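Here is how the chains run, residue by residue.
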Amino acid sequence: MLNEDQVTEKLKAGGYYIAELEKLPWAEQVNIFRHCRKLVAVHGAGLSNALFMPRGSAMIEIYPKSRGDEPGTNPCYQTLCGDLGHHHVYLFAAREKPDSKPDFHSDNMVVDLAGLDALVR
């Protein structure tokens, strides 16, 4: 995320806790998600921890915008949230190279801060 610092600042100002899951032991990750009612995160395996969130929680999944000729999303976490009784919404981020094939593993993205602000309220 090319504007990660700005996104982090906005989330912290809104009372969000920032966690780098890959740096945390499993038990601590589970504990964080057990108390998480609103999650904002980039699409990735860490979103599977939604399994531990209280029923009725909300997830904002940051996802790279697709090209017009590409499928829009991988709905795995949208489906998971639906099955768990959570609310799910995508926040599509502009890609650094919008004409290339989307790749959520390596795309550099820029999150729309106004869009993020509207969703986290």
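Before any of the text, the structure's been laid out above.
Quick caveat, the model's predicted, so the values are computed rather than measured. (Residues numbered from 1 in each chain as written. Predicted model: local features only at pLDDT ≥ 70, side-chain atom pairs only at ≥ 80, totals over all residues. Heavy atoms only, no water.)

> I would appreciate a short explanation of the sheet that holds strand S1 (residues 38-42) in the present structure.
Pairing between the strands of a sheet comes from backbone hydrogen bonds, and it takes one of two forms, parallel or antiparallel. Strand order in the open sheet formed by four strands is S1-S2-S3-S4, and the pairing between neighbours is mixed. The open sheet has two edge strands with one neighbour each: S1 and strand S4 (109-110). Relative to strand S2 (residues 58-64), S1 runs parallel, the two sharing five bridges. By the bridge assignment, Val40 is partnered in S2 with Ile60. Sheet strands touched by helix H4 (residues 113-120): S1, S2 and strand S3 (87-95). Its angle to S3, the strand with the most contacts, is close to 170°. (Pairing = 2+ DSSP bridges. Helix = DSSP H or I, 4+ residues; strand = E, 2+ residues; numbered from the N terminus. Contact = heavy atoms within 4.5 Å. Axes fitted to C-alpha atoms, helices over the stretch in contact; angles between N-to-C directions.)

> Honestly, the packing of aromatic side chains in this entry has me stumped. Any pointers?
How two aromatic rings sit relative to each other is given by the distance of their centres and the angle of their planes. All told, the structure shown has four aromatic pairs when counted by the stated rule. Residues Trp26 and Phe52 carry aromatic rings whose centres are separated by 5.6 Å and whose planes lie at 75° to one another, so their mutual orientation is edge-to-face. One end of the pair, Trp26, is in helix H2 (residues 26-34); the other, Phe52, is in the loop between S1 and S2, with 26 residues separating them in the sequence. Both rings, one in Tyr63 and one in Phe92, keep their centres 6.4 Å apart while their planes meet at 80°; by these two values the pair is edge-to-face. Taken as a pair, Tyr63 in strand S2 and Phe92 in strand S3 lie far apart in primary sequence, 29 residues in all. Tyr63 sits in the buried class, given a relative accessible area of 5%. Members of the aromatic cluster, each reached through a chain of ring pairs, are Tyr63, Tyr90 and Phe92. (Phe/Tyr/Trp six-rings, centres within 6.5 Å; stacked < 30°, edge-to-face > 60°. Buried < 20%, exposed > 50% of the residue type's maximum accessible area, 1.4 Å probe, protein only.)

> How should the packing of helix H1 (residues 4-13) against H4 be read in this particular structure?
How two helices sit against one another is set out by the angle between their axes and by the gap between those axes. Where H1 meets H4, the closest approach of the two axes is 11 Å, and the angle between their N-to-C directions is 25°. As the angle between them shows, H1 and H4 are arranged roughly parallel. Here H1 and H4 pass one another in a crossing that is right-handed. For the pair formed by H1 and H4, the contact residues are Gln6, Val7, Lys10 and Leu11 on the first element and Leu113, Leu116, Asp117 and Val120 on the second. In the contact of H1 with H4, the residues fall into five nonpolar, one polar and two charged. (Parallel < 35°, antiparallel > 145°, perpendicular 65-115°, else oblique. Left-handed = near helix turned anticlockwise from the far one by under 90°. Nonpolar A, V, L, I, M, F, W, Y, C, P; charged D, E, K, R; others polar.)

> Is there a simple way to explain the pairing of S2 in this structure?
Consecutive side chains along a regular strand alternate between the two faces of the sheet. The element S2 is extensively covered by neighbouring structure, given that six of its seven residues are classed as buried. Two elements, S2 and S3, share seven bridges in a ladder whose sense is parallel. For Ala58, the partnering residue across the bridge sits in S3 and is His87.

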